[in-house]
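Structure assessment
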Amino acid sequence: MMIKPKTRGFICTTAHPQGCASQVQRQIDYVKGQPSISGPRNVLVVGASTGYGLASRIVSAFSAGANTIGVYFDKEAEGSRTATAGWYNSAAFESAAAEAGLKSYSIVGDAFSDDVKAKTIELIREELGKVDLIVYSVASPRRTHPKTGEIFSSVIKPLGDVYTNKTVNFHTGDVTEATIEPATEDELRQTIAVMGGEDWQMWIDALQAADVLAEDATTVAYSYIGPSITHAVYRDGTIGAAKNDLEATAHRLHEQLGATGGRAYVSVNKALVTQSSSAIPVVPLYISALYKVMKERGLHEGCIEQMYRMFSDRLYNGGITPVDERGLIRLDDWEMKPDIQEEVAKLWAELTTENVYELSDLEGYRKEFFGLFGFELDGIDYEAETDPDVAIPHLR
Ligand code: NAD
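Residues numbered from 1 in each chain as written. Predicted model: local features only at pLDDT ≥ 70, side-chain atom pairs only at ≥ 80, totals over all residues. Heavy atoms only, no water.

Let's talk about the state of the cysteines
Selection criterion: Note on disulfides: each one is a pair of cysteine sulfur atoms within 2.5 Å. Here the term buried applies to any residue with accessible area under 20% of the maximum for its type, exposed to any over 50%, and partly exposed to those in between, with areas from a 1.4 Å probe on protein chains only.
Applying the stated criterion across every chain, the model contains 0 disulfides. Cysteine Cys 20 remains unbridged, with the sulfur of Cys 12 as its closest cysteine sulfur at 9.3 Å. Residue Cys 20 is classed as buried on the basis of its relative accessible area, which comes to 0%. This cysteine, Cys 303, is not joined by any disulfide, and Cys 20 carries the nearest cysteine sulfur, 14 Å off.

What follows is the structure, encoded as C-alpha cells:
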C-alpha cells in the first residue's frame, strides 16, 4: 500500500517503515561520527521506542557497544493499519544492532505491569546475566496500578489558578490563546501516579530483588524544567509535581543503589519535538521560538545529540558526574542560557498568526513532527508501494 500521513488532532495515526528506519539510521550515523564511549555493557531502556528513550538506546549500543533490551508500548501493523512509529524504529534499531554484532531484544507491553517486569527479568537472566544501566523514559497518558488495579490518567494543568497563554496549532499556524482550568486534587494525585517515580522505583526494586542488577548499576530518568513562560502549565503544574516526585525518587534510589556502588539520577533535558511534547498546550509554540534562536546560534540539539552529551560528558565522562545543587544532571544548560531565554521571550511577546513562520521555526517544528512518523524525509519514495508488515528481529 501507499503510506501517507493521517492526522487526528495533534497525533499522526500512520507511520512509514522506511522513513522511520532512515531516522534511526541518521541517529546511528551521528553517534558513530563521535568518539566512542567507555560506558555500560548491558542496558535496559524502559520506554525505548521513540524520543529520548530511543536515543538513549542508540547511544548505548552504537557509542558504548552495549547489548540492549528495549521495553515499549507499540502496535504492529494490522490489515490496512500501519504499525506505530516506535515499532518501525525498534525493528530498524534491532536490525542495525544485529549487523554490528550486538545483542538486542524487545519486550512490547505495559511497562507498568508486574507481568512485563517479570518477563524482562527472565530475559536479562537468560541473555545478559545482569544489567548495569537502566534508563527510565516512559511518557504515558495512563497507568494501571499493578497492585490495586486503579487506572490513573495524567492531565497537563496548572495548580491553583487559571492559566492563559499563547498556543499554536502547528498544522495550520493559528496562534490563539489557550486557557486551562486548574487541576483538581484528584487530577494532581493521578498525574503523579502516572508520571511520578513510583513505577521507576518498582522496576529497580524488582531488578534488585531478582539479583539482575550489577552492583555498580546506574539508573537515569528524564525531567524538564523550562522557562517562566511555561512554568504555570508545566513545572508548577500537575506534570511538574509528578517530576518533583520523580526527582525525589532519584534521591532515594541513589542511596539504595549507592550501598553497593551504584547511582541514580534525573537528567533535565531540553524541550524537543516528540510525540509526548506535541500534546502539551503552549509548549510547541515555545519550542518553535526556541529552535529558531538555538539554530541561529549553532546550539541546536535533537534527542540524539542530547543523549550523546549525557553519556559522554555526564554519566560516563571517566570522572564525577556533574550535577546542580539539587543533584540534577542539566542537559538543558544551553536552552536555559540567559541570552537564549531573553531572545525567546522577546519573540514570544511578538508572536501572532501573521508572523509565526517568520519569527519562529514553526515550519521546522511541523517537519520534525512528521519526521517522527517517518514522513517528509529526503530520500524516501512516498509514492512507492510499501509493505506495512515489518518484523522486530528479537521480539520476546
Ligand atoms: P516519547 O513519547 O517519545 O516516548 C515515550 C516512550 O514511552 C515510548 O517508547 C513509548 O512506547 C513508551 N511507553 C509509553 N507508555 C508505555 C507503557 N505503558 N509501557 C511501556 N512503554 C510505554 O516521549 P519523550 O518525549 O521521549 O519522553 C520521555 C521522557 O523524557 C519523559 O519522562 C519526558 O517527560 C522526558 N522529557 C521530554 C522532553 C521533551 O521535550 N520531549 C524534555 C525533557 C524531558
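And the narrative resumes.
Section: the sheet that holds strand β3 (residues 42-46)
Counted only if it meets this: Only when DSSP finds a minimum of two bridges between them are two strands counted as paired. Helix and strand assignments come from DSSP, with helices taken as H or I runs of at least 4 residues and strands as E runs of at least 2, each series counted from the N terminus. Whether two residues touch is decided by their heavy atoms; if any such pair falls within 4.5 Å, the residues are in contact. To obtain each axis, a line is fitted to C-alpha atoms, and for helices this fit is confined to the stretch in contact; angles are then taken between N-to-C directions over 0 to 180 degrees.
Reading across the sheet, the 7 strands line up as β5-β4-β3-β6-β11-β12-β13 and stay open at both edges, with parallel pairing between neighbours. Only two strands of the sheet have a single neighbouring strand rather than two, namely β5 (104-108) and β13 (329-330). Taken together, the 6 bridges between strand β11 (residues 213-223) and strand β12 (residues 263-268) define a ladder with parallel strand orientation. Opposite Val 220, over in β12, you have Tyr 265 as the bridge partner. Packing of helix α10 (residues 303-315) onto the sheet brings it into contact with β6 (131-136), β11, β12 and β13, and relative to β11 it is tilted by some 130 degrees.

A short note on the site of the ligand
Threshold: When at least one non-hydrogen atom of a residue lies within 4 Å of a molecule or strand, that residue is treated as near it. Polar contact criterion, stated in full: a pair of N or O atoms within 3.5 Å, where within protein one must be able to donate a hydrogen and the other to accept it, and residues adjacent in sequence count only if both atoms are side-chain atoms. All accessibility values rest on the Shrake-Rupley procedure with a 1.4 Å probe; residue burial counts only the protein chains present in the view.
Around the ligand, the surrounding shell holds 28 residues, and the nearest of these are Ser 49, Ala 111, Lys 243, Thr 274 and Ser 276. Within the backbone of Phe 73, a nitrogen or oxygen atom sits 3.2 Å from an oxygen atom of the ligand. Within the side chain of Asp 110, one N or O atom sits 3.0 Å away from a nitrogen atom of the ligand. Here the ligand loses 92% of its free accessible area of 840 Å² to cover by the protein chains. Looking at the shell around the ligand, the elements with two or more residues in it are α2 (51-62) and β11.

A look at the UniProt feature "binding site: substrate" (unreviewed entry) in the protein
We count it as follows: UniProt positions are given in the numbering used here, feature names are shortened, and annotations may be inferred rather than shown by experiment.
The positions that UniProt labels "binding site: substrate" (unreviewed entry) are, in the present scheme, Tyr 224. The residue Tyr 224 is located in the loop between β11 and α7 (228-231) in this model. Among residues more than four places away in sequence, those in contact with Tyr 224 are Tyr 234, Arg 235, Val 268, Asn 269, Lys 270, Ala 271, Tyr 286 and Glu 335.

Overview of the pairing of β12
Each regular strand shows side chains that alternate between the opposite faces of the sheet. Most of β12 is tucked away, with 6 of its 6 residues classed as buried. Burial of β12 is two-sided: the residues Arg 263, Tyr 265 and Ser 267 facing one way and the residues Ala 264, Val 266 and Val 268 facing the other way are all buried. Direction of pairing for β12 relative to β13: parallel, over a ladder of 2 bridges. Bridge pairing in β13 links Val 268 to Arg 330.

Things to note about the nonpolar core
To be explicit about the condition: Working definition of a nonpolar core: buried Ala, Val, Leu, Ile, Met, Phe, Trp, Tyr and Cys residues. They are joined through side-chain atoms within 4.5 Å.
With 93 residues, the main nonpolar core has Ile 58, Phe 62 and Tyr 286 as its most contacted residues. Here this core gets 9 residues from one element, more than from any other, and that element is helix α9 (residues 283-296). Beyond its immediate sequence surroundings of up to four residues, Tyr 286 is in contact with Tyr 224, Pro 227, Ile 229, Thr 230, Ala 271, Glu 335, Gln 341, Val 344 and Trp 348. Ranked by size, the runner-up nonpolar core spans 35 residues in total, among them Ile 107, Val 131, Val 212 and Ala 250.

Points about the pairing of strand β10 (residues 174-180)
The pairing of strand β9 (residues 163-169) with β10 spans 7 bridges and is classified as antiparallel. Paired with Lys 166 across the strands is Glu 177, a residue of β10. Between β9 and β10, which pair antiparallel one after the other, the connecting turn spans 4 residues, and Gly 173 there sits at a positive phi close to 85 degrees.

With respect to helix α8 (residues 238-258)
The test is simple: By this rule, a helix spans an expected 1.5 Å times one less than how many residues it contains.
Helix length check: α8 (21 residues) gives 30 Å between terminal C-alpha atoms against 30 Å at 1.5 Å per residue, within 8%. Taken together, the buried positions of α8 are occupied by Thr 238, Ile 239, Gly 240, Ala 241, Ala 242, Lys 243, Leu 246, Glu 247, Thr 249, Ala 250, Leu 253 and Leu 257. Structurally, α8 contributes buried residues whose contacts are with α5 (185-195), α6 (198-209), β11 and β12.

Brief notes about the side chain of Asn 42
Relative to the helices and strands, Asn 42 resides in strand β3. By relative accessible area, which is 14% here, Asn 42 ends up buried. Within the structure, the side chain of Asn 42 is placed 2.9 Å from the side chain of Asn 67, a separation counted as a polar contact. Excluding anything up to four places from it in sequence, Asn 42 contacts Ala 66, Asn 67, Leu 128, Lys 130, Val 131, Asp 132 and Leu 133.

Concerning the packing of aromatic side chains
Threshold: Here the aromatic set is Phe, Tyr and Trp, taking the six-membered ring for Trp, and pairing holds for ring centres within 6.5 Å; pairs whose planes are under 30 degrees apart are stacked, those over 60 apart are edge-to-face, and all others are tilted.
Overall, the coordinates contain 11 aromatic pairs when judged by the stated rule. Measuring from centroid to centroid gives 6.4 Å for Tyr 136 and Trp 200, while their planes differ by 25 degrees, and the two rings are stacked. A residue pair is termed long-range when its members are at least 10 positions apart, and Tyr 136 in strand β6 and Trp 200 in helix α6 qualify at 64 residues. For Trp 200, a relative accessible area of 0% translates into the label buried.

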